[in-house]
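Report on the structure
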Amino acid sequence: MSVPVGMDDLTAWLRRFAEVVHERRDELTALDAAIGDADHGANLDRGMTAVVAALGEAPPADAAALLKKTGTTLVSKVGGASGPLFGTFFLRMAGAAGDGDLDDATVARALRAGLDGVVARGKAEAGDKTIVDALGPACDALDAAVAAGKPLADALAAAAEAAAQGRDATVPMVARKGRASYLGDRSAGHADPGATSVTMLVEAAAATLGRS
């Protein structure tokens, strides 16, 4: 049976993600230090802290507004690549959320819209060693599970597993996008920071959505 995803659920998801990013910011920064600017953990932590504060100060009217507020806050508060990419992800989700609570199909459609936004913004595709390598498989797994009639919690668990597998698959890849691409073959041997953080995002969704 479908469990609609409402404001409280989405807020719980974002709070959970913010907590995990804060707890693991040094891990994300270490990954980024190996192949990037060494700022991914700090930037994303600052951004999600700002998101939680913004949602607390002025609670949005509905799910779409909440997702839009999250996106605009990340774009305005976070530097580097993570702000525009995660911000675009949530803004595109907001555009696909519609009115009221989200059913299973709408959750899947919104996440897919977020992926499409990230692809368009970053001009990346599978195999480039980016956020797309984890988010793409997550959306594919979610779509398949929802189409098969699985409960949202189970569908998101499958998505989280697929994201983790996608993250791990970035380790041997040679980066073709972003600052990591400047390293050439030296970018191999490290998990992509964006693929790692977006896996945390999907895992947070699996832990909070579809369970109320």
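To be clear, the structure that these remarks concern was listed above.
Residues numbered from 1 in each chain as written. Predicted model: local features only at pLDDT ≥ 70, side-chain atom pairs only at ≥ 80, totals over all residues. Heavy atoms only, no water.

1. Side note on the nonpolar core
With 60 residues, the main nonpolar core has Trp13, Phe17, Phe89, Phe90, Leu111 and Leu142 as its most contacted residues. Taken together, the elements giving at least two residues each to this core come down to helix H1 (7-23), helix H3 (40-57), helix H4 (63-77), helix H5 (82-97), helix H6 (104-122), helix H7 (132-147), helix H8 (152-169) and helix H9 (193-208). Residues in contact with phenylalanine 17, not counting those within four places in the same chain, are Leu44, Met48, Phe86, Ser197, Met200, Leu201 and Ala204. (Core = buried A, V, L, I, M, F, W, Y, C linked by side-chain atoms within 4.5 Å. Buried < 20%, exposed > 50% of the residue type's maximum accessible area, 1.4 Å probe, protein only. Helix = DSSP H or I, 4+ residues; strand = E, 2+ residues; numbered from the N terminus. Contact = heavy atoms within 4.5 Å.)

2. Re the environment of alanine 108
On the secondary structure map, alanine 108 appears in helix H6. Between the alpha carbons of alanine 108 and alanine 145 there is a distance of 9.6 Å; along the sequence they are 37 residues apart.

3. So, the pattern of salt bridges
This model, assessed by the stated rule, comprises five salt bridges. Of the charged contacts in the structure, one is a salt bridge between arginine 24 and glutamate 27, with a shortest N-O distance of 2.8 Å. Of the charged contacts in the structure, one is a salt bridge between arginine 167 and aspartate 168, with a shortest N-O distance of 2.9 Å. Taking the relative accessible area as the measure of exposure, aspartate 168 reaches 44% and is therefore partly exposed. Bridged by salt links that share partners, the residues Arg112, Asp140 and Asp143 form one connected network. (Salt bridge = Lys/Arg side-chain N within 4 Å of Asp/Glu carboxyl O.)

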